[in-house]
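One-letter residues, chain by chain:
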Amino acid sequence: MSAAERVPNIALIGFMGAGKSSVGRDLGARKGMPFLDLDGIIEENEALPIAEIFAARGEPYFREIEGLLFRRLCEGVGQIIGCGGGTLIDPRNRAVLEARCFSVWLRASVPEILRRIESEAAPVRPLIRGADPRIVVPALLRAREGAYRGADLVIDTDGRSVEEISLAIRAALPFPFRGPP
Ligand code: S3P
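The rules behind these values
- Residues numbered from 1 in each chain as written.
- Predicted model: local features only at pLDDT ≥ 70, side-chain atom pairs only at ≥ 80, totals over all residues.
- Heavy atoms only, no water.
- Phe/Tyr/Trp six-rings, centres within 6.5 Å; stacked < 30°, edge-to-face > 60°.
- Buried < 20%, exposed > 50% of the residue type's maximum accessible area, 1.4 Å probe, protein only.
- Helix = DSSP H or I, 4+ residues; strand = E, 2+ residues; numbered from the N terminus.
- Arc of directions from axis to C-beta.
- Contact = heavy atoms within 4.5 Å.

(A) Region of the structure containing the packing of aromatic side chains. Counted by the stated rule, this structure contains four aromatic pairs. Look at F54 and F62: their rings are 4.8 Å apart centre to centre, the planes differ by 40°, and that puts the pair in the tilted class. With respect to class, F54 is no different from F62; both count as buried. For the ring pair F102 and F177, a centre distance of 5.8 Å and an interplane angle of 55° mean the geometry is tilted. A residue pair is termed long-range when its members are at least 10 positions apart, and F102 in strand β4 (residues 101-107) and F177 in the segment after α9 (162-172) qualify at 75 residues. Given the relative accessible area of 9%, F102 is considered buried. Given the relative accessible area of 5%, F177 is considered buried. Following the ring pairs from residue to residue traces out a cluster consisting of F102, F175 and F177.

Here you go:
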């Protein structure tokens, strides 16, 4: 069995604002692999923006549907999966990630994350809404870094364009992944 058969998907992990969606789309186009954006699919399924799901149904509900969807997507092959910043909080998700995905941590520094989050027009991040990002971001990042650190590949993203990051991932992949059969 080839490496691509054993570990059939690529997962992009990392904090909010790390660029998982834009890099995932670019990398998918370059590699001929579909990009599946976890948050985007949740929003479609629920017909609500993520912030509204948190507000109307609560974070535990969001985490439940996020985990169910992530683990189901991982059953597929030849896909690039863009995780949410909190997907790996759940150990069940970490186990499936490890078994089914080559994981890439898009690492960004706190100042870079703050810059990216603050440049967004709409308040799309429910965990930041109404709070001071300068306090919330470093605390959340510290709590999550352990899960991100286990990634198969770490790519620093500070000051780099989507294209540069995507090409760096491509160059560092240990074997040629394939799209779905
Ligand atoms: C979250 C990150 C968000 C989204 C939700 C919760 C988190 O995804 O899943 O708002 O817990 O860090 P992005 O990392 O794509 O912003």
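(B) How the structure looks around helix α4 (residues 50-57). Of all the residues in α4, the buried ones are I50, A51, I53 and F54. With its buried residues spanning 165° around the axis, α4 presents them on a single face. In this structure, α4 carries A55 and A56 as exposed residues pointing more than 90 degrees from its buried face. Buried-residue contacts for α4 involve α3 (38-46) and α5 (59-73).

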